[in-house]
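Listed below are the residues making up each chain.
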Amino acid sequence: MENIDIARMFEDVAALLEIQGANPFRIRAYQNAARTIESHTTPLRKLVTEGAKLTDLPGVGKDIAGYITELVETGELGLFKELTEKVPPSLIELTRLPGVGAKKTKKLWEELGIETIDGLERAANAGEVADLEGFGAKSQQKILEGIAAHRRRQARFRISDADQYVEPLIAYMKEEKAVERIEVAGSYRRRRETVGDIDILAIASEPGQVMQRFTSYPDVSRVELAGDTKGTVVLRSGLQVDLRILPPQSYGAALQYFTGSKEHNVKLRKRAVARDLRVSEYGVFLTGGEEEAAAADPYAGEFVAGWEEGEVYEAVELAWMAPELREDRGEIEAAERGQLPDLITLDDIRGDLQMHSTWSDGKHSIEEMLDGCVERGYEYFAVTDHSKALAMTGGLDAAKLRDQWVEIEEIASRRPEIRVLRSMEVDILADGGLDLEDEMLAQLDVVLVSVHSKFDLPATKQTERILKAIQHPAVHILAHPTGRLINRRDPMEFDLDEVLQCAAECDVIVELNAHPERLDLRDTHLMRARELGLKVVISTDAHRVADLGLMRYGVDQARRAWLGRDDVVNTYPLEKLLTIFDK
DNA sequence: GCCGTTTTCGGCCCGACTGTTTTCAGTCG
């Protein structure tokens, strides 16, 4: 029972309560708890075993703490069973269809006996939905479209894929003269590893022209809505894009508002309320306790701030903070204490410690990779071709590795402007052994180990396997520790926390693999690693020169994990780096 | 259901758009 499973269970409980028309604040309590749990860095099952006080977690009180314990100890939740005796659990999925919430789900179920998406589709096709009070022909059509979209919906878009859609769209929008400023907000600006949709914010004196331009974008497959200030389109790729248009004095407030996260904003607004302020996308206003006025006029009250984002934070007595931090993981409290982290930036990176060459499955030679690293201003890089167990990649055995060292020696003698580190991405074998002789390992400047096979071992075996590997005295770095591929392969089942603790004891560095398909470790894992005092290396795992540019995705992820320069070893100058590898 | 530099009770963030509405509910972010 991982944190994510516990969080899902509470989300489902919230959905079931909502369908039953329970107290909205009770519903929110479960949603809040789910959120806390999902992003908590320590596995709750450990806290339960250790008898820690779960009620110390924000949003977790006596009841929910009890439910967590029950879930961890029995794997089940009595409350969920009780709820599903009254409401079929398949209705939860219905509430997740666009345009269908709890109320409509309830109505569909009670009036038409609909319990599943298939059942809803049949009823809609038969025209039964349109006859229901509160529904109509358009709702029915929307539901059918929603079902179709739900079926073909791919998972969320990887951030690197979103980049490919967003950059040309923004360039296109900027050609419209009425656009005074334009910015992408939302999870894209927070640089999450995946995004569900894209939130764009534009400042314009002539909103109509801007909306017109937006909905006419050639890559738009359909326009979902197009009002005066708010529009939604779906691109051919299926990526949804929202546009909000606001006046100039609201630019900062709107950027703050639409960057989110939602949870961060909720907390910010509570702070505002405590100061008799109202924060909305239009600005920060002095309320004077007249809430009704605001409902009629979003500009009611004295305008205090809004032109720039920093003003909004200033109005609630906080320092501006990087979007990557805005997940309500303690950043507001840190800002309160004046202790916001000094985040790593791309400019801090001095080298790249995982890449492949034509010696194994890379597309470019060592020297071509060297040129790419020099171009990026690096001081050093490691050549980390695969070991022999990965036959399909042309992995190297001891003899070939020696040959490679000869080539490295020769290149290094001609190219003193950068240090080439002798390395290898050594496979962790099924029994936890390493795929290279000790005598060879000892001669490498830096040793990476990683799992590339038998991802489906039972969790305890998998954990033992990795623990054994990182306890080998020659090992410096555990590469892509969980093995996940975003949207393609789940992380391996093993006890990551135990591995991290062991790595801390053995002075093993954990990798943040910057490849946007991996981003492994993920942000919450990295936060945990930092708590344990571990060092991190951000590496691109480049297989061609262009891949060296993926470093930015790793840095984004590191920033989301609150990492600073000191936490990341490839920000260190060469000398300092080498002392770490000399263990 | 959670929470507390006013509080153990009474609050809990704010606004836009759509569709089916004759004045607003539901949904979404």
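Before going into details, it helps to say that this report is about the structure given with it. (Residues numbered from 1 in each chain as written. Chains lettered and ligands numbered in written order. Predicted model: local features only at pLDDT ≥ 70, side-chain atom pairs only at ≥ 80, totals over all residues. Heavy atoms only, no water.)

**Quick word on the overall build of chain A**
Tallying secondary structure elements over chain A gives 25 helices and 17 strands in all. Its C-alpha atoms give chain A a radius of gyration of 27 Å, within 12% of the compact-globule value 25 Å for 583 residues. On the principal axes, the C-alpha backbone points of chain A span a range of 75 × 60 × 50 Å. When each of the 583 residues of chain A is scored for burial, the buried share is 54%. Put simply, of all contacts in chain A between residues at least 6 apart along the chain, 68% involve residues at least 24 apart. In the form shown here, chain A has an accessible surface area of approximately 26000 Å², with 48% of it arising from carbon and sulfur atoms. One way to put it: in chain A the 74 positive side-chain charges average out to a point 2 Å from where the 104 negative ones average out. (Helix = DSSP H or I, 4+ residues; strand = E, 2+ residues; numbered from the N terminus. Rg over C-alpha atoms; globule rule 2.2 N^0.38 Å. Buried < 20%, exposed > 50% of the residue type's maximum accessible area, 1.4 Å probe, protein only. Contact = heavy atoms within 4.5 Å. Areas by Shrake-Rupley, 256 points an atom, 1.4 Å probe, with all protein chains shown as cover. Lys, Arg positive; Asp, Glu negative; His and termini not counted. Charge placed at Lys NZ, Arg CZ, Asp CG, Glu CD.)

**Notes on the environment of Arg489**
If you trace the backbone, Arg489 turns up in the loop between β15 (477-478) and α22 (496-505). Residue classification places Arg489 among the partly exposed positions, given a relative accessible area of 27%. Along the primary structure Arg489 and Arg518 are separated by 29 residues, whereas in three dimensions their C-alpha atoms are 9.6 Å apart. Filtering out sequence-adjacent residues up to four positions away, Arg489 remains in contact with Phe455, Gly483, Arg484 and Arg518.

**Concerning the packing of α22 against helix α23 (residues 523-531)**
Relative to each other, α22 and α23 sit at 35°, their axes nearing to 10 Å. Relative to α23, α22 is oriented so that their crossing is right-handed. Contacts between α22 and α23 involve Leu496, Asp497, Leu500 and Gln501 on the former and, on the latter, His525, Arg528 and Ala529. Taken together, the residues of the contact of α22 with α23 sort by class into three nonpolar, two polar and two charged. (Axes fitted to C-alpha atoms, helices over the stretch in contact; angles between N-to-C directions. Left-handed = near helix turned anticlockwise from the far one by under 90°. Nonpolar A, V, L, I, M, F, W, Y, C, P; charged D, E, K, R; others polar.)

Take it as geometry only, folks, not as evidence of what the structure does.
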